[in-house]
Amino acid sequence: MAWAGSGTFEFITGKDRMQPKVLRALKCSLQPTVKDISLTWTLPSSVEAIVLSKVPTAIFHGQKSIVYAQLKGKVENEADGEVCLQYKFKDEIIKNDLRFPLKVQNAERPTIHRLAAKTLISELEHGTESPSEDVKKKILETSLQSGVVSSLSAYVAVNKDTKTHVEGPPMRRDVPA
């Protein structure tokens, strides 16, 4: 409900005290929020920005928000891009500009790419009640390209010595430290 309503949430487990968490929720409900959030991209004509995650509609004090975007296209010479984050806080419109180089780099550990893929997969899986065939295809394609598991893909165990896949149910093995 909090995700759908752009709100906040707290988990209360067995031994947690409810009072501090309820007070935090109340504090969030009484404070002014950042609203009317938008992103504006300034890129070379051969490059386009595709936002992979939803831009939040509201942000509470102390809350973090991450927006992933994929830049597609070709840049011949070294060029820069710019994204402008604009939002309203109380009655004031605030703009933050971020310039970045459009230089392609090979990532040995593409952690950010995988986080973006996971976000895109999650958005696609939870976007509608019954995803269309095109959405399912996009989920599977993103999962396979990024190595991020989805509801339509799974991991397969491969024995390094015999180069064959492992069959049977998963087994637990305790390895001494």
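Residues numbered from 1 in each chain as written. Predicted model: local features only at pLDDT ≥ 70, side-chain atom pairs only at ≥ 80, totals over all residues. Heavy atoms only, no water.

As annotated in an unreviewed UniProt entry, the chain carries the name VIT domain-containing protein and comes from Aquarana catesbeiana.

Visitor: Describe the overall build of the chain, with residues and values.
Guide: Looking only at helices and strands, the chain features three helices and eight strands. Put simply, the chain runs from its N terminus to its C terminus through helices and strands in the order α-β-β-β-β-β-β-α-α-β-β. Its C-alpha atoms give the chain a radius of gyration of 22 Å, more than 25% over the compact-globule value 16 Å for 177 residues. Expressed as a percentage of the 177 residues in the chain, the buried residues total 19%. Considering only intrachain contacts with a sequence separation of at least 6, the fraction spanning at least 24 residues in the chain is 47%. For the chain, the accessible area works out to roughly 14,800 Å², and carbon and sulfur atoms hold 55% of it. Side-chain charges in the chain split into 25 positive and 21 negative, and the spacing between the mean points of these groups amounts to 7 Å. (Helix = DSSP H or I, 4+ residues; strand = E, 2+ residues; numbered from the N terminus. Rg over C-alpha atoms; globule rule 2.2 N^0.38 Å. Buried < 20%, exposed > 50% of the residue type's maximum accessible area, 1.4 Å probe, protein only. Contact = heavy atoms within 4.5 Å. Areas by Shrake-Rupley, 256 points an atom, 1.4 Å probe, with all protein chains shown as cover. Lys, Arg positive; Asp, Glu negative; His and termini not counted. Charge placed at Lys NZ, Arg CZ, Asp CG, Glu CD.)

Visitor: Any details on the side chain of S150? Residues and values, ideally.
Guide: By the secondary structure assignment, S150 is in the loop between α3 (133–146) and β7 (158–159). Of note is the side chain of S150, whose polar atom sits 3.1 Å from the backbone nitrogen of L152. (Polar contact = N/O pair within 3.5 Å; in protein donor to acceptor, adjacent residues only side chain to side chain.)

Visitor: Give a description of a nonpolar patch on the surface that names residues and reports values.
Guide: A surface patch of nonpolar side chains, amounting to about 270 Å² of accessible area, comprises I12, M18 and V22. Note on placement: V22 falls in helix α1 (residues 18–30). (Patch = residues over 30% accessible without salt bridge, like charges linked within 9 Å, V, L, I, M, F, W, Y side chains within 5 Å. Salt bridge = Lys/Arg side-chain N within 4 Å of Asp/Glu carboxyl O.)

Visitor: Explain the pattern of salt bridges to me, using residue names and the numbers behind them.
Guide: As enumerated under the stated definition, the model contains five salt bridges in all. Notably, a salt bridge pairs R24 with E10, separated by 2.8 Å at the nearest N-O pair. With a gap of 14 residues between them, R24 in helix α1 and E10 in the segment before α1 connect regions that are remote in the sequence. On the accessibility criterion, R24 (42% relative accessible area) is partly exposed. Its relative accessible area of 36% is what places E10 among the partly exposed residues. Here E133 makes a salt bridge to K136, at a shortest N to O gap of 3.9 Å. Note that E133 and K136 are positioned in helix α3 at a spacing of three residues, about one turn of the helix. Through salt bridges that share partners, D80, E82 and R99 make up one connected network.

Visitor: Can you explain the domain arrangement of the chain? Please cite residues and give values.
Guide: Taken domain by domain, the chain comprises domain 1 (2–104) and domain 2 (106–166). A C-alpha centroid distance of 24 Å is found between domain 1 and domain 2. Across the boundary between the two partners, domain 1 contributes six residues, which contact eight residues of domain 2. Viewed at the interface, domain 2 and domain 1 are joined by zero salt bridges. At the junction of domain 1 with domain 2, the criterion picks out one residue pair in polar contact (both at pLDDT 80 or more). Taken together, the residues of the side of domain 1 that touches domain 2 sort by class into four nonpolar, one polar and one charged. (Domains from an automatic or database assignment. Nonpolar A, V, L, I, M, F, W, Y, C, P; charged D, E, K, R; others polar.)

Visitor: So what about the environment of V34? Which residues, and what values?
Guide: With respect to the helices, strands and loops of the structure, V34 is situated in strand β1 (residues 34–42). Classification of V34 by relative accessible area gives buried; the value is 15%. Sequence-wise, V34 and H61 are 27 residues apart; in three dimensions their C-alpha atoms are separated by 8.2 Å. Sequence-distant contacts of V34, defined by excluding residues within four places in its chain, comprise T57, A58, I59, Y87, K88 and F89.

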